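# Structural overview
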Amino acid sequence: MRGSLTIAGLGPGSDALVTPEVTAALGSATDILGYAPYVARVPRRAGLTLHPSDNREELQRAREALRLAAEGGQVVVVSSGDPGVFAMASAVFEALEQAPHYQALPIRVLPGITAMLAAAARAGAPLGHDFCAINLSDNLKPWAVIEKRLRLAAEADFAIAMYNPRSASRPEGFGRALAVLKDAGCGERLVIFARAVSAADEKIEIVTLNEATPEMADMRTLVIVGNSQTRRVGRWIYAPRRAE
């Protein structure tokens, strides 16, 4: 096996937030695979083949990446944010588990700046104490699991970063999530709606959970619900370092 496979995070959107390590990997790649909008962020050049695909083709994409690398390609699979956070790294290793003949292949996972961390930085320090991240998509897990995790996170007083809050195919899910958190007594908690962080159309809104509506989020929005101690200081939001 003469090739290699790199799984790389492109960060939240701005080229300035792509790490030098990822930039170097893209510059030496022969093949780039990923969800079409992410592949479109990689400049075309001689000697590079781009393989864009649909968002729900993760496992097929991972298998193709392994095959191309085994044939000698310098292959990079791209994700937005960090590839290990609700992204392609898990899909690649799932495909690898099903294809043990590829396990000698050199594989690297290169971290990226997640939407959660970029959004938190824009608002201040809402993740300054214990927090969790929950993917609200029910494509790969039942809604009952999502609801249970939301309730337990609220009970444990975690700040909660919510990925994939509201899509055209499941617009009702985020409203249900807000209702779960309100029922759990989180109505006065501060909520950060961070849309398109680091892009030209970035928008940050901060309201209480009682004021939040489903229409405030879409699939380009990262939502952070503060813990019970999260507070404002001027225009900033932060979670105190000490728990009460």
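Our structure is the block above this text.
## Remarks on the overall build of the chain
- Looking only at helices and strands, one finds seven helices and 13 strands in the chain.
- For the chain, the spread of C-alpha atoms along the principal axes amounts to about 55 × 35 × 35 Å.
- Taken across its 244 residues, the chain has 45% of its residues classed as buried.
- Within the chain, residue pairs in contact and separated by at least 24 positions form 69% of the contacts whose partners lie at least 6 positions apart.

## Describing helix α1 (residues 20-28)
- The set of residues buried in α1 consists of V22, A25 and L26. The buried residues of α1 occupy an angular sector of 100° when the element is viewed end-on, so they sit on one face.
- At its buried positions, α1 is contacted by β1 (4-9), β2 (31-35), β4 (74-79) and β5 (107-110).

## Some points on the packing of helix α6 (residues 143-155) against helix α7 (residues 173-183)
- The N-to-C vectors of α6 and α7 enclose an angle of 35°; their axes lie 9 Å apart at closest approach. α7 is crossed by α6, and the crossing has right-handed handedness. Contact residues: W143, E147, L150, R151 and A154 in α6; G173, R176, A177, V180, L181 and D183 in α7.
- Within the contact of α6 with α7, the residues separate by chemical class into six nonpolar, one polar and four charged.

## A closer look at the packing of aromatic side chains
- Within this structure, the stated rule accounts for three aromatic pairs.
- Considering the side-chain rings of Y35 and Y38, the 5.2 Å spacing of their centres and the 85° angle between planes classify their relative orientation as edge-to-face.
- Here Y35 falls in the partly exposed class, since its relative accessible area comes to 26%.
- Summarising the aromatic geometry, the rings of F86 and Y163 are spaced 5.1 Å apart at their centres and angled 65° between planes, so their arrangement reads as edge-to-face. Highlighted residues: F86 in the loop between β4 and α4 (88-98) and Y163 in strand β8 (residues 159-163), separated in sequence by 77 residues.
- The class for F86 is partly exposed, based on a relative accessible area of 42%.
- Accessibility expressed as a relative area gives 11% for Y163, which makes it buried.

## A closer look at the environment of I237
- One can find I237 in strand β13 (residues 236-238).
- Since its relative accessible area comes to 1%, I237 is described here as buried.
- For the pair I237 and L127, spaced 110 residues apart in sequence, the C-alpha to C-alpha distance is 9.6 Å.
- Dropping the residues within four chain positions of it, I237 is found in contact with A123, G124, A125, P126, L190, I192, I206, T230, R231 and R232.

## Re the pattern of salt bridges
- Here the structure, examined in full by the defined rule, presents nine salt bridges.
- Across the salt bridge formed by E202 and R122, the nearest N and O atoms sit 2.9 Å from each other. Here R122 lies in helix α5 (residues 115-123) and E202 lies in the loop between β9 (190-195) and β10 (203-208), a separation of 80 residues in the sequence.
- Look at E202 and you get partly exposed, because its relative accessible area is 28%.
- By relative accessible area, which is 39% here, R122 ends up partly exposed.
- Taking the shortest distance from any N to any O, the salt bridge between D201 and R195 comes out at 3.4 Å.
- Judged by its relative accessible area of 25%, R195 is partly exposed.
- By sharing partners, the salt bridges in this structure join R195, D201, D218 and R220 into a single network.

What counts and what doesn't
- Residues numbered from 1 in each chain as written.
- Predicted model: local features only at pLDDT ≥ 70, side-chain atom pairs only at ≥ 80, totals over all residues.
- Heavy atoms only, no water.
- Helix = DSSP H or I, 4+ residues; strand = E, 2+ residues; numbered from the N terminus.
- Buried < 20%, exposed > 50% of the residue type's maximum accessible area, 1.4 Å probe, protein only.
- Contact = heavy atoms within 4.5 Å.
- Arc of directions from axis to C-beta.
- Axes fitted to C-alpha atoms, helices over the stretch in contact; angles between N-to-C directions.
- Left-handed = near helix turned anticlockwise from the far one by under 90°.
- Nonpolar A, V, L, I, M, F, W, Y, C, P; charged D, E, K, R; others polar.
- Phe/Tyr/Trp six-rings, centres within 6.5 Å; stacked < 30°, edge-to-face > 60°.
- Salt bridge = Lys/Arg side-chain N within 4 Å of Asp/Glu carboxyl O.

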